[in-house]
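Each chain is listed here by its residues.
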Amino acid sequence: MVKGKVWTLKTKFDGKVQKSNFALVEEEVSDTLKDGEYLTEALHWTVDPYMRTSELGRVEPGQCMPGEQIAKVIASKNSNHPVGSIVRVYAGWRTHTILSNEPSPRVIKMPEMGDLPLSLALGTMGMPGMTAYFGFLEICQPKEGETVLVNGAAGAVGSLVGQIAKIKGCKVVGCAGTDAKCKWLKELGFDEVFNYKKVDLSEALKAAAPDGFDCFFDNIGADFTATALKHMKTFGRVSICGQISAYNNKEPPKGDYPFMFILGKQLKIEGFIVMRWLQRWAEGEKAMAQWIKEGKIKYKETIYKGIEKMPEAFTGLFDGANTGKAIISA
Ligand SMILES: NC(=O)c1ccc[n+]([C@@H]2O[C@H](COP(=O)([O-])OP(=O)(O)OC[C@H]3O[C@@H](n4cnc5c(N)ncnc54)[C@H](OP(=O)(O)O)[C@@H]3O)[C@@H](O)[C@H]2O)c1
């Protein structure tokens, strides 16, 4: 038997995520394996905003919090997964997992990492990276010389969208919630940055792009979106990636609905879920690895030490406490 730890949902989320929503429980995991089984121990976990929303239908109190992890095989009766090999698996907030060739919990093929840190398979080379790569390139279809707006720009997804836009020859405007994050965005090559907590949003957008935006990659939603849509150029393209400003709301946001602007400006607005391109992730992973090697994509991770820190890392997503990708390492 191996002693494992699991973070379960203790109480349903009600408004803002609290550390008290979670309970850390110990479990005994058998290391007596059947043929085809292998036992993994997590090395890195991720916390992502969707874990707040997926709770609505999928996780009940007492169940393990969902999510991917990078784990090492520590015992095996499966020749495809020998001891010491690494897997990326949707096993949730737990230390130890017994896996088999059965597709549950879901093993997600590891990207070719070369000598890159394994944790990047949860960030730049993982789901957030693929969100930036496909969600921006496929939906916004950016062209050289165009002006791109990205909010949540110092986050896991936003920081990559801005850099990809620069690679594509665009002018990039980004915003984040602290001056330190804005400084980092300048270091990444963003052309215009502002701290959205300190400005009048409409004035800041007008100053950054007097002629308006061709592309808008939206991580935040609600009031920000309604305001930003008014600054789009005719035939602009908008990728609706996330609505993090509304995830903790008890009621749907009420506000200034922008449908007349969408019509008048003939905007193309599309929502997406990154798994739409799962069959093409290898293409995105290859591009990211190449851009990292060439120094065109830089990444930052906010690393928490130990599974005990998972709720802190998670609530940090909604407090703006993390820069770049939030990772929890064993
Ligand atoms: N469609 C998909 O398939 C897909 C996949 C992945 C992620 N997403 C979405 O993409 C967005 C970004 O995800 P991520 O993983 O990159 O998270 P992240 O940006 O690394 O972390 C969240 C950041 O959002 C900002 N934020 C939090 N609450 C806010 C609020 N009320 N108003 C404005 N900003 C707020 C904070 O930054 P500041 O300090 O700047 O406020 C915080 O650091 C999320 O909405 C997520 O749900 C969608």
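Rules used throughout
- Chains are numbered independently. Their residues run from 1 in the order of the written sequence.
- Where local features are concerned, this predicted model is filtered to residues with pLDDT of at least 70; where side-chain atom pairs are given and counted, the filter is 80 or more; whole-chain, interface and lining totals use all residues.
- Here the side-chain values reflect all heavy atoms present in the structure, with hydrogen atoms and water set aside.
- Domain delimitation in this document rests on an assignment produced automatically or drawn from a domain database.
- Contacts: residue pairs with any heavy atoms within 4.5 Å of one another.
- By convention in these notes, a salt bridge is any Lys or Arg side-chain nitrogen within 4 Å of a carboxyl oxygen on Asp or Glu.
- We call two N or O atoms a polar contact when they sit within 3.5 Å, provided that within protein one can donate a hydrogen and the other can accept it, with sequence-adjacent residues counted only if both atoms are side-chain atoms.
- Numbered from the N terminus, helices here are DSSP runs of H or I no shorter than four residues, and strands are runs of E no shorter than two.
- Each residue is assigned to one class: nonpolar for Ala, Val, Leu, Ile, Met, Phe, Trp, Tyr, Cys and Pro, charged for Asp, Glu, Lys and Arg, and polar for all the others, Gly among them.
- When we say a residue is near a molecule or strand, we mean one of its heavy atoms is within 4 Å of it.
- The Shrake-Rupley method, run with a 1.4 Å probe, gives the accessible areas here. Residue values count only the displayed protein chains as cover.
- Residues belong to a common nonpolar core when they are buried Ala, Val, Leu, Ile, Met, Phe, Trp, Tyr or Cys residues joined through side-chain atoms within 4.5 Å.
- Burial status follows relative accessibility: with a 1.4 Å probe on protein chains alone, a residue under 20% of its type maximum counts as buried, one over 50% as exposed, and anything between as partly exposed.
- Only rings of Phe, Tyr and Trp enter the pairing, Trp through its six-membered ring, and a pair is recorded when the two centres are within 6.5 Å. The plane angle decides the type: under 30 degrees is stacked, over 60 is edge-to-face, the rest tilted.
- Lysine and arginine charges are scored as sitting over a ring when NZ or CZ, respectively, is within 6 Å of the ring centre and within 35 degrees of the ring normal.
- Between any two strands, pairing holds if DSSP finds at least two bridges.
- To obtain each axis, a line is fitted to C-alpha atoms, and for helices this fit is confined to the stretch in contact; angles are then taken between N-to-C directions over 0 to 180 degrees.
- Geometric relationships in this document are graded by angle, where less than 35 degrees denotes roughly parallel, more than 145 denotes roughly antiparallel, 65 to 115 denotes roughly perpendicular, and other angles denote oblique.
- The hand of a helix crossing depends on one turn: near helix anticlockwise from the far one by less than a right angle means left-handed, and clockwise means right-handed.

Draft legend 1. Structural detail: the domain arrangement of the protein chain. Looking at the protein chain, the domain boundaries give domain 1 (2-123 + 299-329) and domain 2 (127-275). For domain 1 and domain 2, the distance between their C-alpha centres works out to 29 Å. Each partner contributes to the interface: domain 1 provides 22 residues, whereas domain 2 provides 13 residues. Counting across the domain 1 and domain 2 interface gives one salt bridge. Where D14 meets K250, a salt bridge forms, and the shortest distance between an N and an O atom there is 3.4 Å. For the interface between domain 1 and domain 2, the tally reads nine residue pairs in polar contact (both at pLDDT 80 or more). Listing elements by their share of the side of domain 1 that touches domain 2, those giving two or more residues are α1 (50-54) and α9 (310-319). Of the residues forming the side of domain 1 that touches domain 2, the biggest block, three residues, is contributed by α1. Here the residues of the side of domain 1 that touches domain 2 sort into seven nonpolar, seven polar and eight charged.

Draft legend 2. Representation of the side chain of R52 in the model. Along the chain, the position of R52 falls in helix α1. Only 3.0 Å separates the side chain of R52 from the backbone oxygen of G15, close enough to count as a polar contact. The contacts of R52, once residues within four sequence positions are left out, are F13, G15, V17, Y247, N248, F314 and F318.

Draft legend 3. Representation of the site of the ligand within the structure. Neighbouring the ligand are 26 residues, the closest being G177, K181, Y196, Y247 and V274. Here V274 contributes a backbone N or O atom positioned 2.7 Å from an oxygen atom of the ligand. Against a free-state accessible area of 910 Å², the protein chains account for coverage of 89% of the ligand. When residues of the shell around the ligand are traced back to their parent elements, those giving at least two are α2 (127-140) and α9. Grouping the constituent residues of the shell around the ligand by class yields 15 nonpolar, ten polar and one charged. Counting contributing residues, the shell around the ligand receives three or more from each of domain 1 (2-123 + 299-329) and domain 2 (127-275).

Draft legend 4. Region of interest: the nonpolar core. Residues Y133, F136, I164, L185 and M288 are the most contacted members of the largest nonpolar core, which totals 47 residues. Looking at this core, the elements that each hand over two or more residues are α2, β7 (147-150), α3 (158-167), β8 (171-176), α4 (179-188), β10 (213-218) and α8 (281-293). A per-element tally of this core places α2 first, with nine residues. Counting only domains with at least three residues in this core, you end up with domain 1 (2-123 + 299-329) and domain 2 (127-275). Aside from chain neighbours lying at most four places away, what touches F136 is T131, Q141, P142, V148, V161, I164, A165, C215 and F217. Within the second largest apolar cluster, 20 residues are counted, among which are F13, Y304, M310 and A313.

Draft legend 5. Region of interest: the packing of aromatic side chains. Evaluation of the coordinates by the stated rule reveals 13 aromatic pairs. Their ring planes at 50 degrees and their centres at 6.2 Å tell us that F217 and F272 sit as a pair that is tilted. Linking F217 in strand β10 with F272 in the loop between β12 (268-271) and α8, this pair joins segments that are 55 residues apart in sequence. Members of the aromatic cluster, joined through ring pairs, are Y133, F134, F136, F217, F272, W277 and W291. Above the face of the Y90 ring, R106 is positioned so that its terminal group lies 5.1 Å from the ring centre.

Draft legend 6. Broad picture of the sheet that holds strand β9 (residues 192-195). Spatial ordering of the open sheet is given by β9-β8-β7-β10-β11-β12, a layout of six strands whose pairing is parallel. The open sheet has two free edges, formed respectively by β9 and β12, since each of these has just one partner strand. Going from strand to strand, the sheet's axes swing by 15 degrees on average, the running direction of each strand aside. As paired strands, β7 and β8 are joined by four bridges and run parallel to one another. Within β8, the position partnered with L149 by the bridge is V173. In the packing of helix α6 (residues 222-229) onto the sheet, contacts are made with β7, β8, β10, β11 (232-240) and β12, and the angle to β10 comes to roughly 175 degrees.

Draft legend 7. Geometry of the pairing of strand β1 (residues 2-9). In terms of burial, β1 is largely enclosed, as six of its eight residues are buried. Two elements, β1 and strand β2 (residues 22-29), share eight bridges in a ladder whose sense is antiparallel. Residue pairing for β2: G4 is matched across the bridge by E27.

Draft legend 8. Just the environment of E270, in detail. Its place among the elements puts E270 in strand β12. Judged by relative accessible area, E270 falls into the partly exposed class, the value being 26%. Taking the C-alpha atoms as reference points, E270 and Q18, 252 residues apart in sequence, are found 32 Å from one another.

Draft legend 9. Main features of the packing of helix α5 (residues 201-208) against α6. Following both chains from N to C, one finds α5 and α6 inclined at 45 degrees, their axes separated by 10 Å at the closest point. In terms of orientation, α5 and α6 fall into the oblique class. For the element pair α5 and α6, the recorded crossing hand is right-handed. Here L201, S202 and L205 of α5 lie close against α6, whose contacting residues are F224, T227 and A228.

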